[in-house]
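Tertiary structure, described
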Amino acid sequence: MKKIVCVAIVGKNNNPLFIQDFSSGITEENKLKLHYIVHCSLDIIEDKPGPVKKNVPSDMYLGLLYPTEDYKVYGYMTNTKIKFIIVVLDTSDIKDSDIKIFFKRLQSLFINTTSNPFYKRNSKIESKKFLQEVTNLIPSL
């Protein structure tokens, strides 16, 4: 059973770069609910205070953004304001260290994909290879 239900990458202007649902047998209503959850999490990310210390690493793990009835939402933001959001089942017990590792791997995939000279900056990621690599990454959590 997959723990991750949705993975989203949002640009610095809150434009969706990648949103993919990974739950099995998802209905159109649940798909809209997941998109709504991702967009609500952007408000929470904006309300979170930024790092105050100068010796803070350039990447920020935001932790649990908020729980819903069925899901938990976790966030991660880079120093370039790219936001990574995952929605996991509420019943899953996942350690923060595992989520941090997942976000680091997801960020590496993102960097490799967006470093392609044919990728148009701040546009939606439509690469089938990227989708396949993210799909392969899902069971690691």
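Presented here is a report on the structure given in the accompanying data block.

Analysis parameters
Residues numbered from 1 in each chain as written. Predicted model: local features only at pLDDT ≥ 70, side-chain atom pairs only at ≥ 80, totals over all residues. Heavy atoms only, no water. Helix = DSSP H or I, 4+ residues; strand = E, 2+ residues; numbered from the N terminus. Buried < 20%, exposed > 50% of the residue type's maximum accessible area, 1.4 Å probe, protein only. Contact = heavy atoms within 4.5 Å. Areas by Shrake-Rupley, 256 points an atom, 1.4 Å probe, with all protein chains shown as cover. Pairing = 2+ DSSP bridges. Axes fitted to C-alpha atoms, helices over the stretch in contact; angles between N-to-C directions.

1. Details of the overall build of the chain
Secondary structure assignment for the chain yields 3 helices and 5 strands. Ordered by position from N to C terminus, the α and β elements of the chain give β-β-α-β-β-β-α-α. Burial statistics for the chain: of 141 residues in total, 41% are counted as buried. Counting contacts in the chain only where the partners sit at least 6 residues apart, residues at least 24 apart contribute 54% of the total. For the chain, the accessible surface area stands at approximately 8600 Å², while carbon and sulfur atoms represent 51% of it.

2. Describing the sheet that holds strand β1 (residues 4–10)
Sheet strands line up and pair through hydrogen bonds in the backbone, either parallel or antiparallel. If you trace the 5 strands from one edge of the open sheet to the other, you get β2-β1-β5-β4-β3, paired in antiparallel fashion. Strands at the two margins of the open sheet, each flanked by one partner only, are β2 (16–21) and β3 (60–67). Shown here is a sheet whose adjacent strand axes are inclined to one another by a mean of 15°, direction ignored. Pairing between β3 and strand β4 (residues 71–77): 6 bridges, direction antiparallel. Within β4, the residue paired with L64 across the bridge is Y74.

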